[in-house]
Structure formats: structure tokens, C-alpha cells
Amino acid sequence: WPLIFLGLELIVNCVTLSHRDAGGSPTLFDLLVSLGIGHTVTMKLADVQAELDYFSGTMLFIVGRVLEYSVGPLGNGEHFVI
């Protein structure tokens, strides 16, 4: 059976500085899933000048090699991203 996912990362309670995913393909999407309890976090997409609430339970598909993005600052609570 072919693999659907090529990699998996777990990021816990970290601010992610603005970046692009250099190793990704411009034709593949990254699935970001925000989990945790009672946190307030913001996802910033610099290329489209957007700032989004990144609450627990949020799922976001982005082309990480094409779009520059960052996460933070962290508010209260625990924040996990898969």
C-alpha cells in the first residue's frame, strides 16, 4: 500500500518563526492540526497578509514550500501541533 504521509512531526508549546518548508514539494499540502487545552495562538501567513486564530481542533492545509508562515505568540494553556 502506498504511504499517504511522508513525515510526521510533533511541536509542543513552541513559537514557530516565519519560514517556508524547504524540503517540501510545491504540489503537496501540509496538514497542520492544532491540539491542546485552553490556548490562544495565532497563525500568520505573511505572503497573503493574513492572521488567523489557531484554536484547538483547527486543521489547516497549506502549501508550506510556497507560503511563508509562523505560529505565535503563545498565550495560556498547552499547545500541540501534529
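Scroll up to find the structure this text is about.
Fair warning: this is a prediction, and the values are worked out from it, not measured in the lab. (Residues numbered from 1 in each chain as written. Predicted model: local features only at pLDDT ≥ 70, side-chain atom pairs only at ≥ 80, totals over all residues. Heavy atoms only, no water.)

**Quick notes on the environment of V63**
And then number 1: Position of V63 relative to the elements: it lies in the loop between β6 (59-62) and β7 (69-71).
And then number 2: For V63 and G77, which are 14 residues apart along the polypeptide, the C-alpha to C-alpha distance reads 28 Å.
And then number 3: For V63, the contacting residues outside a window of four places in its chain are S25, P26, L28 and F29. (Helix = DSSP H or I, 4+ residues; strand = E, 2+ residues; numbered from the N terminus. Contact = heavy atoms within 4.5 Å.)

**Quick look at the nonpolar core**
And then number 1: Among the nonpolar cores identified, the biggest contains 10 residues, and these are L32, V41, M43, L45, Y54, L60, I62, Y69, V71 and V81.
And then number 2: Elements represented by at least two residues in this core include exactly β4 (42-45), β6 and β7.
And then number 3: Those residues in contact with L60 that sit more than four places away from it in its chain are D30, L31, L32 and M43. (Core = buried A, V, L, I, M, F, W, Y, C linked by side-chain atoms within 4.5 Å. Buried < 20%, exposed > 50% of the residue type's maximum accessible area, 1.4 Å probe, protein only.)

**A short note on the sheet that holds strand β2 (residues 16-19)**
And then number 1: Read from one edge of the open sheet, four strands run β2-β7-β4-β5, paired in antiparallel fashion. Two strands in the sheet have a free side with no partner beyond their single neighbour: β2 and β5 (50-53). The mean angle between the axes of side-by-side strands here comes to 15°, regardless of whether they run parallel or antiparallel.
And then number 2: The pairing of β4 with β7 spans three bridges and is classified as antiparallel. Within the sheet, the bridge partner assigned to K44 lies in β7 and is S70. (Pairing = 2+ DSSP bridges. Axes fitted to C-alpha atoms, helices over the stretch in contact; angles between N-to-C directions.)

**Points about the pattern of salt bridges**
And then number 1: Throughout the structure, instances matching the rule amount to two salt bridges.
And then number 2: D47 serves as the salt-bridge partner of R20, at 3.0 Å between the closest nitrogen and oxygen. Placement of the pair is R20 in the loop between β2 and β3 (30-37) and D47 in the loop between β4 and β5, with a sequence separation of 27 residues.
And then number 3: Between R20 and E68 there is a salt bridge; the shortest N-O distance is 3.5 Å. A residue pair is termed long-range when its members are at least 10 positions apart, and R20 in the loop between β2 and β3 and E68 in the loop between β6 and β7 qualify at 48 residues.
And then number 4: Taking the relative accessible area as the measure of exposure, R20 reaches 40% and is therefore partly exposed.
And then number 5: By relative accessible area, E68 is classed as partly exposed at 23%. (Salt bridge = Lys/Arg side-chain N within 4 Å of Asp/Glu carboxyl O.)

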